[in-house]
Amino acid sequence: MGTGHPKSLFSSTEKKECFVKFNVNGLLRGDYQSRMQGYAVGRQNRWLCADDIRELEDMNKLPEGSGGGTYLVNGNMVGIAHAGTCGGSEVLDRLGQPGADHLGLQVAAL
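Remember, it's a predicted structure, so these values are computed and weren't measured experimentally.

> Can you help me understand the pattern of salt bridges in this one?
Side chains that differ in sign of charge can pair as their charged atoms come close. Overall, the coordinates contain one salt bridge when judged by the stated rule. Salt-bridge contacts for Arg-35 lead to Glu-57; the nearest nitrogen and oxygen are separated by 2.7 Å. One end of the pair, Arg-35, is in helix 3 (residues 32-44); the other, Glu-57, is in the loop between helix 4 (50-56) and helix 5 (88-95), with 22 residues separating them in the sequence. Taking the relative accessible area as the measure of exposure, Arg-35 reaches 17% and is therefore buried.

> Whenever I open this one, unusual backbone geometry confuses me. Can you help?
Keep in mind that most residues, glycine aside, have a negative phi and that most peptide bonds are trans. For Arg-46, which is not a glycine, the phi torsion comes out positive at approximately 65°. Within the secondary structure, Arg-46 is located in the loop between helix 3 and helix 4. Its identity is not glycine, yet Asp-58 carries a phi of approximately 60°, on the positive side. Turning to its location among the elements, Asp-58 is positioned in the loop between helix 4 and helix 5.

> Even after reading the chapter, I still don't get helix 3, so can you show me in this structure?
Because each turn of an α-helix spans 3.6 residues, side chains separated by three or four positions end up pointing in the same direction. With 13 residues, helix 3 ought to run about 18 Å at 1.5 Å a step, and its terminal C-alpha atoms sit 18 Å apart, in line with that. Those residues of helix 3 that sit buried are Arg-35, Tyr-39 and Gly-42. Looking straight down helix 3, one finds its buried side chains confined to an arc of 60°; they lie on one side. Buried residues belonging to helix 3 abut helix 4. Of the residues flanking the end of helix 3, it is Arg-46, one or two places downstream, whose phi is positive at about 65°.

> Sorry if this is basic, but what is going on with the confidence of the model for the protein chain here?
Do not read the predicted coordinates in detail wherever pLDDT is low. Scored by pLDDT, the protein chain comes out at a mean of 75, with 61% of its residues at no less than 70. Per-element confidence in the protein chain ranges from a low mean pLDDT of 58 for helix 5 to a high of 93 for helix 4.

> Would you mind going over a nonpolar patch on the surface with me for this structure?
Together, Leu-9, Val-20 and Phe-22 make up an exposed nonpolar region whose accessible area comes to about 410 Å². Here Val-20 is to be found in the loop between helix 1 (12-17) and helix 2 (25-28). Accessibility expressed as a relative area gives 43% for Val-20, which makes it partly exposed.

Thresholds applied
- Residues numbered from 1 in each chain as written.
- Predicted model: local features only at pLDDT ≥ 70, side-chain atom pairs only at ≥ 80, totals over all residues.
- Heavy atoms only, no water.
- Salt bridge = Lys/Arg side-chain N within 4 Å of Asp/Glu carboxyl O.
- Helix = DSSP H or I, 4+ residues; strand = E, 2+ residues; numbered from the N terminus.
- Buried < 20%, exposed > 50% of the residue type's maximum accessible area, 1.4 Å probe, protein only.
- Expected span 1.5 Å × (residues − 1).
- Arc of directions from axis to C-beta.
- Contact = heavy atoms within 4.5 Å.
- pLDDT = per-residue confidence, 0-100.
- Patch = residues over 30% accessible without salt bridge, like charges linked within 9 Å, V, L, I, M, F, W, Y side chains within 5 Å.
- Areas by Shrake-Rupley, 256 points an atom, 1.4 Å probe, with all protein chains shown as cover.

Structure below.
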């Protein structure tokens, strides 16, 4: 560089507040649909939480207390010993909807 050209991208004040990040992850990522499908699999199978996905997408974490760090369990993958214990009847009661007991079916013990 010749004289008169700045030797830095940032002034001394900006250097305290700013930084440069070379992110090559964008070059390595697949297309949008493939990434979203992969994240959905990870989220449904409990090895990714919302904050993990946001970090992979260069997004900030969700606010504290909003559940961003919560790992979810897919409801249709619950073990037989825990089937029916997820509070579904309470939700139906709050919504004013009948539960499965109105069908007159008996629960079979396995």
